[in-house]
Each structure stands twice: as C-alpha cells, then as structure tokens.
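# Descriptive structure summary
Listed below, chain by chain, are the residues.
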Amino acid sequence: MAAVKQMLKTDSEAEPATLRCRIYARVFVWNPLFAGHGDASEYELWCRKFGCAIPAIEFRPRLEV
C-alpha cells in the first residue's frame with residue numbers, strides 16, 4: 001500500500017489536487033477492500049499537502065438504486 005500511496009503522491013497524471021484526494025478517499029477511506037490502509041485523518045493530511053479543501057465525504061461513492 002505504501003507504494004500505491006507514493007505513486008499517487010508523485011504521479012503527474014493525478015492532477016489537479018482534487019483528483020489525488022478523490023482517488024485517495026475512494027480507495028483508502030471508502031473502499032472496504034483496503035480498510036485499515038488509510039483513514040479520514042490521513043486524508044486530511046493529504047488535503048493540506050496538495051491544497052484540496054473538499055471533505056472525504058464528498059467523494060463517498062453513492063449507491064445506485
């Protein structure tokens with residue numbers, strides 16, 4: 001997981017900052033397959049680092065009805 005996070009931090013294709021934060025939130029906060037590899041507090045650190053002001057809840061996947 002550390003390698004995936006590092007790639008996400010440095011990949012120039014993951015711009016703007018909101019895209020990096022969206023990917024992080026979708027994978028490490030909301031995806032049950034990766035539970036325990038990230039959380040809301042680490043997400044907040046990413047937001048500060050990359051200048052994203054969108055809360056993780058905004059990136060929560062919605063259930064299709």
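A brief report on the enclosed structure follows. Being a predicted model, the structure only gives us computed values, none of them experimental.

### Description of the packing of helix 1 (residues 2–10) against helix 2 (residues 17–29)
Where helix 1 meets helix 2, the axes come as close as 10 Å, and the angle between the chain directions of the two elements is 160 degrees. Considered as vectors, helix 1 and helix 2 are oriented roughly antiparallel to each other. As for how helix 1 packs across helix 2, the hand of that crossing is right-handed. In this structure, helix 1 contributes Val4, Lys5, Leu8, Lys9 and Thr10 to the contact, and helix 2 contributes Arg20, Ile23, Tyr24 and Phe28.

### Things to note about a positive patch on the surface
Taken together, Arg22, Arg26, Arg60 and Arg62 make up a surface patch of like positive charges. With respect to the element layout, Arg62 can be found in the segment after helix 3 (40–50). When its relative accessible area of 61% is taken as the criterion, Arg62 is described as exposed.

How each quantity is defined
Residues numbered from 1 in each chain as written. Predicted model: local features only at pLDDT ≥ 70, side-chain atom pairs only at ≥ 80, totals over all residues. Heavy atoms only, no water. Axes fitted to C-alpha atoms, helices over the stretch in contact; angles between N-to-C directions. Helix = DSSP H or I, 4+ residues; strand = E, 2+ residues; numbered from the N terminus. Parallel < 35°, antiparallel > 145°, perpendicular 65-115°, else oblique. Left-handed = near helix turned anticlockwise from the far one by under 90°. Contact = heavy atoms within 4.5 Å. Patch = residues over 30% accessible without salt bridge, like charges linked within 9 Å, V, L, I, M, F, W, Y side chains within 5 Å. Areas by Shrake-Rupley, 256 points an atom, 1.4 Å probe, with all protein chains shown as cover. Salt bridge = Lys/Arg side-chain N within 4 Å of Asp/Glu carboxyl O. Lys, Arg positive; Asp, Glu negative; His and termini not counted. Charge placed at Lys NZ, Arg CZ, Asp CG, Glu CD. Buried < 20%, exposed > 50% of the residue type's maximum accessible area, 1.4 Å probe, protein only.

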